[in-house]
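What follows is the residue order along each chain.
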Amino acid sequence: MLYDNFAMLTKRELLIRIVKLLKEKNLVDGVKYIPVEMRPRSKNPIKCCVHKDRYILKHKIISILGFEITDEEIDLIPLSDFAQKSLDNKNAKENILSVVHEACSACMQSQYFVTNMCRGCEGRPCLMNCPKAAISFKGGKACITQEDCVGCGLCFKVCPYHAIVYTPVPCEDVCPVKAISKSEDGTEQIDKSKCIYCGKCMQTCPYGAIMERSKIIDIYKSITNPDKKIIAIPAPAINGQFNATPGQILAAIKAIGFDEVVEVALGAEDTSRNEAAEFKERMEEGKPFMTTSCCPAYVGWVDKHAPTLKPFVSDTRSPMVYAARRVKEKYPDAEVVFIGPCLAKRYEAEMYVPEVDYVMSFEELGAFLIAYDIDVNAMEELPLDPEVTKYGRGYAQAGGVMGAIVHAVGPEYKTTNIEGLDKKNQMLLKSFVKKPEAQFVEVMACEGGCVNGPCSLAPLTLAKRQIKKALEK
Amino acid sequence: MTNKINLKICVGTMCYVMGGAELKDAIETLPAELTEHLNITYSPCLGCCETQRPPLIEINGKRIAGVSKINLIQIVKEEIRNAV
């Protein structure tokens, strides 16, 4: 994940400030000062002036508090009212992912464009190589007819003067399923019927304009309610996120106020067991191949964009489901909070997993730890569950599920793993229906697996090393 | 060069979340010709993130706020050059 990016830091700072105010029981009064404190007049404005910057922050705060930003009426309502409504459980934000329109800069439609660096050379490789005859010369300079251009980029590649540039729309460029596009006013909109909640757009937007639905207010209320039992289930990827041991991380999460912390890796043990049995059964029935089902963005992609693959997706539930079930069996009245790096888990939990009450991201967890003054690497270690093996914790990384299944069924099957749902991998997966490359296929929508999820805290390279360390223990 | 340069990276939760993870990643992948001059420690919260912009580092006792991956490497190189 890209860290040298101030939009991401802004989101984190907003989360930290909001949780701090919650903890000080001062959200309603204090929230209105956040935009001014974060964008003081003494700093150079990012957009046209500090007022616009503050206004954008206001909208982002409204989004974090759990409200949809729909029409101009919200400008008539002060932030404090939103905070109060949110504390009163009236924050009914429906969309898991939405565009904060004030922040969206309405990027220019992505296109190849000839700049005035063009010297109209004799070679004119742009003209010669364009497969659609979209280039013409006017006044001795190249010009692209946008209606004819198919965006192949050949002219851009062959120009010896680098005079042709590509102006991207970052969110549209990274969306693997073309679910995000321009509305009439030029700002982006997300098509819910296509979106698989991979989170790529949210991660990429240089304005931080795409925001997820947050449940931090509800989670805070449950944590501080003495009559409620609340149990955290952190995803295996947690072990790569901090400069600390797994035991210390569990202790840090518990210190926020959870009654208990159960590793999702424990549920991963159940997934491995069931999936291995299911895989053997399917092979005995003569099925050509089976893919994993623990990545909800991949499952969403199959549902919405590749229905032919559906019969080959495992019916085994994800580790989150089994972990939550174990908790609910032990404490039927407890509330379960899944903590993970994944945006699509919010969708999975809402649609298919009644056992999970809330989903919290690693970024939100970071905000809680900071607001509660918890130094993760100074914690006393909590004992780890002996039932959890390195195979369960290994689900954090690409190849981990495959490793666990091979460990369970033996090496006689052909296995492969696919990381990322780019165009190439989408084609490859669809081709498996006719000609499978392997019998067991692990699919992760994020390159590198869950550790590279859109809501993770540590950069991938560091997270991988930290996970390796945790698994060695 | 006789003494190693003391480099302390704050990995208190605030610094870590607001960019310190990136610093840790950068330091762990530094080439040996730089790390041989350094005595690297990861410190719990240095206690000044309320007033100064995280992430913080301390190099030979000097505290520097708001460090990014790129200027961390510049700071380290600069310090090594001055020490030689």
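Remember, predicted model here, so these are calculated numbers, not experimental data.

> Could you clarify how one ought to interpret the interface of chain B and chain A in this entry?
Interface size is commonly expressed as the accessible surface area that is lost when the partners come together. Across the contact, 18 residues belong to chain B and 20 residues belong to chain A. Split by residue class, the side of chain B that touches chain A holds nine nonpolar, four polar and five charged.

> Would you take a moment to explain the sheet that holds strand β14 (residues 415-419) of chain A for this structure?
Strand pairing in a sheet relies on backbone hydrogen bonds, with the paired strands running either antiparallel or parallel. All names here are of chain A. Reading across the sheet, the three strands line up as β11-β15-β14 and stay open at both edges, with parallel pairing between neighbours. Each edge of the open sheet carries a strand with a single partner, namely β11 (290-291) and β14. Bridging between β14 and strand β15 (residues 440-444) involves five bridges; their strand directions are parallel. Paired with Asn417 across the strands is Glu442, a residue of β15.

> Any chance you could explain the domain arrangement of chain A here in plain terms?
Assigned domains of chain A: these are domain 1 (6-94), domain 2 (111-167) and domain 3 (218-472). When each unit is reduced to the centre of its C-alpha atoms, the spacing between domain 2 of chain A and domain 3 of chain A is 47 Å.

> How should the environment of Ser98(A) be read in this particular structure?
Residues and elements named next belong to chain A. Along the chain, Ser98 turns up in strand β1 (residues 97-99). The spatial distance from the C-alpha of Ser98 to the C-alpha of Met202 is 9.1 Å, given a sequence separation of 104 residues. Those residues in contact with Ser98, other than ones at most four positions away along the chain, are Ser63, Glu68, Ile190 and Met211.

> I keep staring at the pairing of strand β12 (residues 335-340) of chain A and nothing clicks. Help me out?
A regular strand places its side chains on the two faces of the sheet in alternate fashion. Residue and element names in this part refer to chain A. In terms of burial, β12 is a largely internal element, six of the six residues being buried. By the bridge criterion, four bridges tie β12 to strand β13 (residues 358-361) in an arrangement that is parallel. Its bridge partner lying in β13, Val337 is registered against Tyr358. Each parallel crossover has a hand, and for β12 linked through helix α15 (residues 344-352) to β13 it is right-handed.

> What is the right way to look at the packing of helix α13 (residues 296-305) of chain A against α15(A) in this model?
The angle between the axes and the distance between the axes are what describe a pair of packed helices. Residues and elements named next belong to chain A. Where α13 contacts α15, the two axes come as close as 8 Å, and the packing angle between them is 70°. Taken as axis vectors, α13 and α15 run roughly perpendicular relative to one another. For the pair α13 and α15, contact is made by Pro296, Ala297 and Gly300 and by Ala344, Lys345, Tyr347 and Glu348, respectively.

> Could you clarify how one ought to interpret helix α14 (residues 319-330) of chain A in this entry?
Think of an α-helix as 3.6 residues a turn; residues three or four steps apart then line up on the same face. The end-to-end C-alpha separation of α14(A) is 17 Å, in line with the 16 Å expected for twelve residues at 1.5 Å each. Among all positions of α14(A), only Pro319(A), Met320(A), Val321(A), Tyr322(A), Ala323(A), Ala324(A) and Val327(A) are buried.

> Got a minute to help me understand the sheet that holds β12(A) in this structure?
All names here are of chain A. The strand order across the open sheet formed by four strands is β10-β9-β12-β13, and the pairing between neighbours is parallel. A strand with exactly one partner marks an edge of an open sheet, and here the two such strands are β10 (260-261) and β13. Sheet topology places strand β9 (residues 230-234) next to β10; two bridges connect them, and they run parallel. Each residue of the ladder has a partner; that of Ala232, found in β10, is Val261.

> I would appreciate a short explanation of helix α1 (residues 6-23) of chain A in the present structure.
Residue and element names in this part refer to chain A. With 18 residues, α1 should reach 26 Å at 1.5 Å per residue; the first-to-last C-alpha distance of 25 Å fits that figure. Buried within α1 we find Met8, Thr10, Lys11, Glu13, Leu14, Leu15, Ile16, Arg17, Ile18, Val19 and Leu22. Just beyond α1, the residue with positive phi is Lys25, at close to 55°.

Reading the values: the criteria
Residues numbered from 1 in each chain as written. Chains lettered and ligands numbered in written order. Predicted model: local features only at pLDDT ≥ 70, side-chain atom pairs only at ≥ 80, totals over all residues. Contact = placed C-beta atoms within 7 Å. Nonpolar A, V, L, I, M, F, W, Y, C, P; charged D, E, K, R; others polar. Pairing = 2+ DSSP bridges. Helix = DSSP H or I, 4+ residues; strand = E, 2+ residues; numbered from the N terminus. Domains from an automatic or database assignment. Buried ≥ 20, exposed ≤ 12 C-beta atoms within 10 Å, placed from the backbone. Right-handed = clockwise from strand over helix to strand, strands pointing away. Axes fitted to C-alpha atoms, helices over the stretch in contact; angles between N-to-C directions. Parallel < 35°, antiparallel > 145°, perpendicular 65-115°, else oblique. Expected span 1.5 Å × (residues − 1).

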